[in-house]
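Fold and contact review
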Amino acid sequence: MTDNPLSVAEQDTFTVRRTIRIAAPVEKVWRAVTEPEHISSWFGRTVLVGDGTGAHGTVAWPDEPAIPIRVEEVDPPRAISYRWCNDEATESVPSEVDPAHSTVFTFTLEPVVGGTQLTVVETGFETTTDPAGNLESHRLGWDEQLDRLVVALEAQR
């Protein structure tokens, strides 16, 4: 597996950022971050209704409530942004995305020698009920989830 640096939490901008390299072509990485059946193999079980900007649905992990998610912007095969209501400090999860209390994460893909550079940037933690707690939780989450993505894609070589 490609060795990658860990996520960084930027407290002053309430942003989590991680850049990794994957020994797989951009087209394969693009499918892994945009198609629900592929997202579900490394992230949470993802269901999306519709295509492109405005597609909406849920992401769920075992023994956790489904989290609403919506595609905010798509620039194939370079970038995709999702908005979700993954506020771990709330007592209940809303049934649909609340733009006033949600975060946005964007995957940006760049071809590099030997594969793809993928950067995820998640912003908006200041709108959550526990900005510092959610920032740290998501920082750790992106470490785990993106490592799973690297393993899944590099195992298919």
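The text that follows walks through the structure, step by step, so that each part is easy to find. Keep in mind that what you see is a predicted model, and the values were worked out from it rather than measured.

What follows is about the overall build of the protein. The secondary structure content of the protein amounts to three helices and eight strands. Listing every helix and strand of the protein by position from the N terminus yields β-β-α-α-β-β-β-β-β-β-α. Here the C-alpha atoms of the protein give a radius of gyration of 15 Å, agreeing with the 15 Å that 2.2 N^0.38 yields for 157 residues. For the protein, the spread of C-alpha atoms along the principal axes amounts to about 45 × 35 × 30 Å. Sorting the 157 residues of the protein into buried and exposed places 43% on the buried side. Considering only contacts in the protein between residues 6 or more positions apart, those separated by 24 or more positions represent 53%. Taken as a whole, the protein presents about 8,000 Å² of accessible surface, with 52% of it coming from carbon and sulfur.

We now examine the pairing of strand 3 (residues 45-49). Regular strands place side chains that alternate from one sheet face to the opposite one. Side chains Thr46 and Leu48 project from strand 3 onto a buried face, and the interleaved Arg45, Val47 and Val49 project onto a face without burial. As judged from the five bridges shared by strand 3 and strand 4 (residues 56-60), these two strands associate in the antiparallel manner. Bridging from a neighbouring strand, Arg45 pairs with Ala60 of strand 4. Here strand 3 folds back onto strand 4, and the loop between the two strands holds six residues, one of which, Gly50, carries a positive phi near 95 degrees.

Another aspect to go through is unusual backbone geometry. The phi torsion of most residues other than glycine is negative, and most of the peptide bonds are trans. With an omega dihedral of -15 degrees, the bond running from Pro76 to Pro77 counts as a cis peptide bond. Inspection of the secondary structure puts Pro77 in the loop between strand 5 (67-75) and strand 6 (79-84).

Further remarks concern the packing of aromatic side chains. Scanning the entire structure with this criterion turns up 14 aromatic pairs. Look at Trp61 and Trp84: their rings are 6.3 Å apart centre to centre, the planes differ by 55 degrees, and that puts the pair in the tilted class. Of this pair, Trp61 sits in the loop between strand 4 and strand 5 while Trp84 sits in strand 6, and the two are 23 residues apart along the sequence. Taking the centre distance of 6.5 Å and the plane angle of 35 degrees together, the rings of Trp84 and Trp142 count as tilted.

Analysis parameters
Residues numbered from 1 in each chain as written. Predicted model: local features only at pLDDT ≥ 70, side-chain atom pairs only at ≥ 80, totals over all residues. Heavy atoms only, no water. Helix = DSSP H or I, 4+ residues; strand = E, 2+ residues; numbered from the N terminus. Rg over C-alpha atoms; globule rule 2.2 N^0.38 Å. Buried < 20%, exposed > 50% of the residue type's maximum accessible area, 1.4 Å probe, protein only. Contact = heavy atoms within 4.5 Å. Areas by Shrake-Rupley, 256 points an atom, 1.4 Å probe, with all protein chains shown as cover. Pairing = 2+ DSSP bridges. Phe/Tyr/Trp six-rings, centres within 6.5 Å; stacked < 30°, edge-to-face > 60°.

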